[in-house]
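Residues per chain are reported as follows:
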Amino acid sequence: MKRIRFCIKCVPLIALAFLVVWPLWFMVMGSLMPLDELRITIGPALTSAEGQSVWPILPSWPTLQPMVSLLLDMPQFFTMFWNTFKIVIPSVVGQLILGAPAAWALSRFRFRGRKVAATVYISLMLMPFQVTMVPNYLVIDRLGLMGNIWAVILPFAFSAFPVFIMMRAFDAVPRALMEAANIDGAGRLRTFVYVGLPLGVPGILAALVLGFLETWGAIEQPMTFLNDPASWPISLFLPQIVSEELGVAMAASLLMLIPAALFFFFGQKYLELGIQSAGIKE
Amino acid sequence: MSKAFATIWRNVRKGDGPAAVAFLAPSFGGITVFFLLPLIDTVRRGFYDVRGVNFIGLESYVSVLNNQAFRLAAANTLKFAAVCIPLLMVVSLGTALLLRSIKPMGKFFKTAFLLPMAVPVASIVLLWQALFNEGGLANTVLLRVGLEPVAFMDSGAAFWVLVFTYLWKNNGYNMILWLAGLDGISETLYEAAHADGANALQTFRYVTLPCLLPTVGVVSILSLLNSFRVFREAYLVAGAYPNDSMYLLQHLFNNWFMNLDISRLSAAATMLGVALLLIILVMRRFLDEKD
Amino acid sequence: MKKWFVCFVCAAGLLLLATACGRNGEGGEGANEETSRGESRRVEAGGERSGRYAEVDITPPIEGRIISMVAQDGSLVAFDEGLRTRYDSGDKGVTWTQSPGPGANDDRFTNVQSAALLPDGRLLLYLQGYGMTKLSPDGTTEHFPVAEIDDAIAEGDSHNVSLIQLLDDQRVLLNYGVDWLARFMRENPTGMNNITHGQGSQGSGATGSRTEVRTSEVRMSGSTAGGGISAGGNNISLGGMFGQTTAIHDIATGSLISDLETPGTLGANNNGDVFTLQGHSILRHTSDGHIDTFLDGTAFTFGSASGTAAAMQEIADGCIIVNVSMYGQYNRLFRYTWDHDAHVNPQKTISIWSLEDNETVRAAITEIWRLHPDACITYEIALSGDNAVSVSDAIRTLNTRLLSGRGPDILILDGTPVESYANRGMLLDLTGRMDVSGIYQNLLASYTDNGRLHVIPTQFMIPALLGDRSELSNVRTLAALADSVVNGNPAAPLISGEGMLGGVPKEERAQLHFGDLRELFDIMWQANAPAIVDGNRLDSDMLRAFLETTKAISDMYGLTDTNEMMAGSSFLSFGGGGRVNTVPASLVTYMLQSTNMGAFAVTNLSLLHTMMDRGDGEAFIEPFPGLAPGVWIPSTLAGVSADTANPDFAAAFIQTLLSVQVQQINHGLGLPITRSGIAAQIDLINELMRERNMPLFGVDLDAFIARLNTPTNIETTLRNMVWETVERLCQGRLDVEGAVREIEQSIRNYLAERS
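Trainee: Go over the overall build of chain C with me, naming the residues and quoting the values.
Mentor: Looking only at helices and strands, one finds 20 helices and 43 strands in chain C. Taking all 755 residues of chain C together, 54% fall into the buried category. Sequence separation of at least 24 residues holds for 64% of the intrachain contacts in chain C that already meet a minimum separation of 6. Carbon and sulfur atoms form 48% of the exposed surface of chain C, whose accessible area is close to 30600 Å².

Here it is in structure tokens:
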């Protein structure tokens with residue numbers, strides 16, 4: 001009986017999981033498929049070829065050809081890959097260094113204007129990029145950053161979203177601990193470093209993973225602020241999908257996914273804990 | 001002892017101001033430069049002509065409110081938020097509840113549901129084209145089971161493709177939020193309900209739901225945030241002029257920008273900003289009801 | 001797990017730090033990365049703030065072909081045609097001393113195109129019919145074996161040797177070509193039996209034309225005049241297609257040292273760097289695989305519309321010698337030296353933006369730089385390289401810059417929503433700033449708005465129908481055209497199993513034909529767009545008529561059947577000022593006498609002239625019978641940003657775009673919009689025709705142009721929206737009503753946004 005109920009519960013979950021994971025399976029297999037097979041299988045959907053797309057579970061003749069041609073024939077792919085790291089890593093590091101103290105202050109300090117400040121952060125977090133693009137460009141230009149990768153890094157580093165996530169995480173730090181630290185004579189900085197940071201680690205790392213995912217996939221900002229394609233990140237590399245390049249597009253998609261997925265797997269535990277702490281109330 | 005605590009606590013409260021400034025200053029400075037000032041400039045541009053030289057008052061606002069494209073986009077955006085946010089909240093809560101009841105496979109399913117978050121937009125676009133274009137896989141499946149193919153991107157179905165994208169991407173994230181909320185509910189409450197003879201449904205209705213209320217605030221604000229992000233996928237899959245049913249405010253903003261219509265764009269954005277601010281102020285009641 | 005994660009982050013951070021530190025030190029390498037994309041995105045014409053390359057004409061007193069070389073001691077040596085006279089210069093070309101050359105009393109050398117002076121004093125050159133030869137000063141020769149050339153001589157295939165250059169005392173660089181078509185036909189005797197090789201080609205010196213044969217697929221691209229495609233009777237003739245080889249050979253034995261895969265090789269230096277010509281620039285390929293732009297030619301003669309680099313050599317002190325073949329003029333020799341003190345006038349500093357590379361703009365840059373040597377001109381092409389920049393990305397970035405007041409000075413608005421730039425005060429009113437009286441006033445009138453002039457078209461095209469007068473008189477309206485197509489004959493296949501098809505008897509000819517659906521759509525949209533979308537209104541009846549006709553023609557000729565051989569649907573032709581012209585398939589079928597009419601946009605007067613006589617009576621030309629009368633296609637639309645710091649010089653640039661020096665050359669983007677430009681191009685054609693005793697240009701162009709009054713909509717977004725639906729309509733995935741609804745719906749939002 002219990003077993004049956006277990007199975008009944010499993011069915012919708014498995015169905016849901018299949019729905020979620022299947023597209024990823026599709027992509028991995030797509031990048032291993034030879035071009036002529038790709039043309040037959042998903043050509044009808046991506047090009048103007050007639051017919052219906054089909055999708056075999058496994059490619060009939062797995063090949064690394066698209067991957068090889070991407071890595072060997074398109075040197076700019078490597079450059080762009082590396083460029084991405086040059087943008088992403090300072091951005092997330094900045095988010096932590098700048099965001100964590102701000103989040104701590106907003107969460108744990110009592111002062112006038114705290115609510116207003118928190119509202120400002122949340123509102124800014126929700127503003128679409130198009131809204132502030134022009135004035136943003138002006139600011140970057142005034143600062144003399146145009147074309148420099150810092151024009152992309154700095155706005156990301158000051159992003160409001162990680163502050164929000166960390167703020168929720170710090171909310172979960174028991175006040176009793178802070179008070180204990182206070183009695184022991186620890187100042188606010190020491191309390192933050194020795195109590196706040198260790199206890200907020202899940203939230204901080206969750207913010208880091210989310211920040212990584214966001215900067216990794218950023219398109220508009222680098223396109224607008226970096227006028228030199230030589231410093232563009234990988235998110236801007238997506239060859240026009242034509243029948244000859246289907247395999248390459250598939251392989252590029254997969255390669256773009258891999259670092260994000262790796263980072264994600266490394267951080268998943270913390271991401272979960274962090275997201276959880278954002279949801280927990282004191 | 002409690003008196004001593006109270007004094008210390010008062011001191012903490014009193015003395016937090018300068019420390020808060022020190023902690024907040026770097027971040028807030030950057031926020032001001034990179035987001036707040038640009039936002040103020042956007043508001044200003046709503047009252048000026050395209051080159052930002054001549055004051056034109058409320059002209060742009062009037063024009064925006066009378067614009068058919070704006071009305072359609074605003075209605076669609078509202079509809080999208082009204083449909084997909086509650087839907088996501090229900091689906092992800094359901095997922096979380098199911099997941100809690102089957103402990104052994106929990107880790108696997110969590111990973112599966114969270115994975116879409118890591119997929120870059122560019123990859124999603126390729127996937128979605130293969131799935132939902134006319135000769136795409138979704139139609140192949142429909143044909144195999146004997147149904148008529150659907151023009152997913154060129155009919156009212158486009159709206160539901162967008163909803164599906166949103167659910168697909170954010171279900172895992174929200175599920176984790178709910179799981180946290182569920183974990184926070186004390187076992188004794190359930191035991192008490194059980195002792196009173198409540199069935200599963202009653203337990204859910206009278207124990208689980210009220211205890212989850214605080215989580216609702218966070219879940220909904222993050223759902224709202226993510227509902228804005230779905231535009232990227234929509235734009236890259238269906239272009240600047242998609243089917244009417246998925247023509248969102250951001251499409252309009254984007255197209256106005258392409259046409260250098262910055263005054264109307266700024267006016268519309270300001271109105272959106274005010275609307276969002278109102279929503280946030282309401283939500284903050286949930287978020288901060290303790291303070 | 002936690003430790004792992006922290007380690008990962010730390011490692012990544014360290015890596016980044018290392019990069020950050022490395023950045024400052026390796027600026028040079030950064031530059032390499034930038035240009036390794038093949039094309040540099042920004043072209044700076046004389047742009048470096050601290051100096052620039054200066055061009056000095058060092059042509060020795062030679063009229064005609066110059067065979068130039070650098071001796072081992074670094075001195076310059078040049079010969080005239082036939083090696084009759086030798087010129088030596090020890091001072092980098094400032095003075096030349098004259099002495100008799102080996103050809104003074106010997107006429108074996110008339111075909112010599114290139115030669116190298118070997119360390120032993122002998123000349124390495126190519127002798128017609130004998131192959132590569134070492135020539136002693138006393139006239140004795142020694143054969144220099146190069147397998148491929150010797151094979152070609154043995155088989156009797158045409159071949160050429162276009163470049164011979166000494167690298168050091170052991171190696172020599174050769175660039176030679178053998179006729180691939182002859183070899184291909186020998187190897188595939190039935191493959192292309194309808195192609196008559198060689199006949200009607202315009203000469204045999206297709207120096208530098210690059211060809212590539214992959215199975216039966218022919219890819220052609222040419223960089224110089226000489227090769228040609230022409231038709232007569234039942235045949236289409238291709239000529240002068242050479243497969244170029246660039247290789248380094250051993251001086252002593254002739255054996256191959258290395259084969260270089262660098263098309264368009266101009267030369268090499270003794271570091272092993274190879275220089276090639278790509279577009280307007282000389283690229284440097286270093287031996288470790290880096291490619292960078294060595295010398296951008298936009299500002300120089302070799303990159304201009306009137307000349308092209310034939311060979312180059314680097315001599316001491318970074319000094320560069322380029323041998324330039326000029327169209328219609330004698331060859332010239334230029335020296336380029338870096339001038340550290342070059343003065344740049346800040347009032348003559350302008351930047352130009354265009355979506356795609358524009359030859360006319362480049363010609364104008366060369367011209368204005370010739371007139372103002374102290375100018376600094378930056379030309380930025382938004383869509384270049386292999387990046388994923390789309391049209392909308394490029395326009396978004398441009399708008400951001402314009403709205404911030406940091407935009408380029410001059411905008412070339414082709415492909416952009418032109419009206420939004422003109423109507424929102426972003427562009428300067430050019431009235432009174434320049435002289436526009438040379439422009440056809442009926443064309444300019446469409447761009448004059450209440451006496452203000454924000455955008456000036458500098459070139460234009462005319463959608464037209466070409467054919468027999470009686471045929472044309474029957475198709476005065478779109479409906480009549482559709483009727484005559486549907487009631488006419490089906491089209492003969494463009495390519496049959498045996499190869500390209502020739503003519504069809506008169507009574508079996510189809511009315512029209514197109515290479516693919518896109519070709520049909522383009523001409524249909526160009527001719528009808530102003531009737532379908534008029535201002536902010538969409539006319540559903542016009543749209544329906546447009547869609548019905550397009551579908552009828554497409555169905556009649558089976559245009560949605562993909563034809564692998566005709567992918568791209570057009571032929572390339574070399575000639576016409578050395579530029580590559582695209583001949584639409586509709587014209588090719590007309591020219592081959594398999595259709596009664598050809599539909600195309602007139603962009604090229606010499607092509608038009610060629611088309612007027614296909615051998616069976618004179619043709620006539622009429623505007624394409626679209627739904628809107630008098631439609632023309634504006635091209636190279638120029639405007640000046642309202643925020644420019646140098647409005648006068650910006651206006652001067654647009655004036656240069658309209659100058660006869662720029663307008664008289666066909667840049668492949670349209671007809672000149674000035675009367676003088678049209679007249680100059682016709683004069684040029686007539687001059688050539690008189691030389692060849694052929695009929696002069698006979699179309700009354702002024703009367704034809706006088707009928708034009710409506711510029712078509714050239715915005716990419718709108719066109720693409722309609723195209724997507726048309727494609728599905730013609731493939732049968734939609735019916736006409738469905739297509740009307742779909743276009744109405746997407747255009748409704750498009751128009752509503754603009755109201």
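Trainee: I'd like a rundown of the overall build of chain B, residues and numbers included.
Mentor: Assigned secondary structure in chain B consists of eleven helices and zero strands. Each helix (α) and strand (β) of chain B, taken in turn from the N terminus, gives the series α-α-α-α-α-α-α-α-α-α-α. The C-alpha atoms of chain B give 24 Å as radius of gyration, which overshoots the globular expectation for 291 residues (19 Å, by more than 25%). Of all 291 residues assigned to chain B, the portion counted as buried reaches 56%. Restricting to contacts in chain B with at least 6 residues of sequence separation, those with at least 24 account for 70%.

Trainee: Can you tell me about the interface of chain C and chain B, naming the residues and giving the values?
Mentor: The interface of chain C with chain B comprises 28 residues on the first partner and 27 residues on the second. Between chain C and chain B, roughly 2500 Å² of surface is buried when both sides are summed, and carbon and sulfur atoms account for 49% of that area. Three residues stand out in chain C for area buried against chain B, namely Leu403, Arg424 and Glu753 of chain C, and they jointly supply 30% of the buried area on that side. Where chain C touches chain B, the interface holds three salt bridges. In this structure, arginine 51 of chain B engages aspartate 643 of chain C in a salt bridge whose closest nitrogen and oxygen atoms are separated by 2.6 Å.

Trainee: So, the nonpolar core: which residues are in play, and what are the values?
Mentor: Residues and elements named next belong to chain C. Ranked by size, the top nonpolar core spans 299 residues in total, and within it Ile282, Phe302, Leu466, Leu608, Ile621 and Phe653 carry the most contacts. Apart from the residues within four sequence positions on either side, isoleucine 282 is in contact with Leu266, Phe275, Thr276, Leu277, Asp292, Thr293, Phe294, Leu295, Phe302, Met312 and Val322. Judged by nonpolar contacts, the second largest core, of 48 residues, contains Leu478, Ala529, Ala739 and Tyr750.

Trainee: Provide a residue-level description of the packing of helix H10 (residues 249-258) of chain B against helix H6 (residues 391-403) of chain C, including the pertinent values.
Mentor: Two quantities define a packed helix pair, namely the angle between the axes and the distance from one axis to the other. One can describe the packing of H10 of chain B onto H6 of chain C by two numbers: an axis separation of 9 Å at closest approach and a directional angle of 65 degrees. Classified by the interaxial angle, the pair formed by H10 of chain B and H6 of chain C is roughly perpendicular. On H6 of chain C, the residues touching Asn254, Phe257 and Met258 of chain B of H10 of chain B are Ser392, Ile395, Arg396, Asn399, Thr400 and Leu403 of chain C. In terms of residue class, the contact of H10 of chain B with H6 of chain C is built from four nonpolar, four polar and one charged.

Trainee: Break down the interface of chain B and chain A for me, citing the residues and quoting the values.
Mentor: Opposite the 100 residues of chain B that make contact, chain A presents 105 residues. For the pair chain B and chain A, the summed buried surface comes to about 9200 Å²; carbon and sulfur atoms form 76% of the total. When the buried area of chain B at its contact with chain A is split by residue, Phe23, Phe34 and Leu126 of chain B rank highest and sum to 9% of it. For the interface between chain B and chain A, the tally reads one salt bridge. The closest approach of N and O atoms between glutamate 214 of chain A and arginine 229 of chain B, which form a salt bridge, is 3.5 Å. Between chain B and chain A we count four residue pairs in polar contact (both at pLDDT 80 or more) in total. When residues of the side of chain B that touches chain A are assigned to their parent elements, the largest contribution, 27 residues, is made by helix H1 (residues 2-45) of chain B. Counted by class, the side of chain B that touches chain A contains 64 nonpolar, 20 polar and 16 charged residues.

Trainee: For helix H3 (residues 68-101) of chain B, give the residues involved together with the corresponding values.
Mentor: The first and last C-alpha atoms of H3 of chain B sit 49 Å apart over 34 residues, in line with the 50 Å expected at 1.5 Å per residue. Sitting at the head of H3 of chain B, asparagine 67 of chain B places a side-chain oxygen 2.8 Å from the backbone nitrogen of alanine 69 of chain B.

Trainee: Before we move on, can you summarise the sheet that holds strand E8 (residues 123-127) of chain C with the specific residues and values?
Mentor: All names here are of chain C. If you walk across this open sheet you meet the four strands as E7-E8-E9-E10, and the pairing is antiparallel. Strands with a single pairing partner mark the edges of an open sheet, and in this sheet they are strand E7 (115-117) and strand E10 (141-143). Strand-to-strand, the axes of this sheet are offset by a mean angle of 30 degrees, without reference to chain direction.

Trainee: Describe a nonpolar patch on the surface, and please don't skip the residues or the numbers.
Mentor: All names here are of chain B. Where nonpolar side chains cluster on the molecular surface, the patch consists of Val274, Leu277, Leu278 and Leu281 and spans about 360 Å² of accessible area. Structurally, valine 274 can be placed in helix H11 (residues 262-287). Residue valine 274 is classed as partly exposed on the basis of its relative accessible area, which comes to 47%.

Trainee: Give a description of the side chain of lysine 134 of chain C that names residues and reports values.
Mentor: Residues and elements named next belong to chain C. Topologically, lysine 134 is positioned in strand E9 (residues 131-135). In this structure lysine 134 is buried but unpaired, with glutamate 142 as the nearest side chain of opposite charge at 4.5 Å. A polar atom in the side chain of lysine 134 sits 2.9 Å from the backbone oxygen of isoleucine 251.

Trainee: Please provide a residue-by-residue account of the environment of proline 61 of chain C, values included.
Mentor: Residues and elements named next belong to chain C. Note that proline 61 resides in the loop between strand E2 (52-57) and strand E3 (67-70). What makes proline 61 exposed here is its relative accessible area of 59%. A sequence separation of 500 residues divides proline 61 from aspartate 561, and the C-alpha atoms of the two residues are 59 Å apart.

Trainee: Please provide a residue-by-residue account of the environment of leucine 277 of chain B, values included.
Mentor: Relative to the helices and strands, leucine 277 of chain B resides in helix H11. Each C-alpha atom, one on leucine 277 of chain B and one on serine 27 of chain B, is 21 Å from the other, the two residues being 250 residues apart in sequence. If we ignore the near neighbours within four places in the chain, the residues touching leucine 277 of chain B are Thr119 and Ser123 of chain A.

Trainee: I'd love a proper account of the confidence of the model for chain C, names of residues and values included.
Mentor: Residue and element names in this part refer to chain C. Here chain C averages 77 in pLDDT, while 79% of its residues score no lower than 70. The spread of mean pLDDT over the elements of chain C runs between strand E14 (residues 210-214), the lowest at 26, and strand E29 (residues 410-412), the highest at 95. Below pLDDT 50 for its whole length, residues 1-49 participates in 80 contacts with residues either more than four positions away or in separate chains. Within the model, the stretch residues 190-241 combines pLDDT values under 50 with 122 contacts to residues more than four positions away or in other chains.

Trainee: So what's going on with the packing of helix H7 (residues 129-142) of chain A against H10 of chain B? Residues and values would help.
Mentor: Contact pair H7 of chain A / H10 of chain B: the axes reach a minimum separation of 9 Å and the direction vectors enclose 30 degrees. The pairing of H7 of chain A with H10 of chain B is recorded here as roughly parallel in orientation. Here Gln130, Val131, Met133 and Val134 of chain A of H7 of chain A come into contact with H10 of chain B, specifically with Gln250, Phe253 and Phe257 of chain B. Taken together, the residues that form the contact of H7 of chain A with H10 of chain B break down as five nonpolar, two polar and no charged.

Trainee: Run through the sheet that holds E2 of chain C, naming residues and quoting values.
Mentor: Residues and elements named next belong to chain C. Sheet architecture is open: four strands sit in the order E2-E26-E25-E24, paired in antiparallel fashion. Pairing within the sheet leaves two strands with one partner each, and these edge strands are E2 and strand E24 (307-315). Each neighbouring strand pair of the sheet contributes to a mean axis angle of 30 degrees, computed without reference to strand direction. Across eight bridges, the pairing between E24 and strand E25 (residues 319-326) is antiparallel. If you follow glycine 307 over to E25, its bridge partner there is methionine 326.

About the criteria used
Residues numbered from 1 in each chain as written. Chains lettered and ligands numbered in written order. Predicted model: local features only at pLDDT ≥ 70, side-chain atom pairs only at ≥ 80, totals over all residues. Heavy atoms only, no water. Helix = DSSP H or I, 4+ residues; strand = E, 2+ residues; numbered from the N terminus. Buried < 20%, exposed > 50% of the residue type's maximum accessible area, 1.4 Å probe, protein only. Contact = heavy atoms within 4.5 Å. Areas by Shrake-Rupley, 256 points an atom, 1.4 Å probe, with all protein chains shown as cover. Rg over C-alpha atoms; globule rule 2.2 N^0.38 Å. Buried area = accessible area lost by both parts, 1.4 Å probe. Salt bridge = Lys/Arg side-chain N within 4 Å of Asp/Glu carboxyl O. Core = buried A, V, L, I, M, F, W, Y, C linked by side-chain atoms within 4.5 Å. Axes fitted to C-alpha atoms, helices over the stretch in contact; angles between N-to-C directions. Parallel < 35°, antiparallel > 145°, perpendicular 65-115°, else oblique. Nonpolar A, V, L, I, M, F, W, Y, C, P; charged D, E, K, R; others polar. Polar contact = N/O pair within 3.5 Å; in protein donor to acceptor, adjacent residues only side chain to side chain. Expected span 1.5 Å × (residues − 1). Pairing = 2+ DSSP bridges. Patch = residues over 30% accessible without salt bridge, like charges linked within 9 Å, V, L, I, M, F, W, Y side chains within 5 Å. Lys, Arg positive; Asp, Glu negative; His and termini not counted. pLDDT = per-residue confidence, 0-100.

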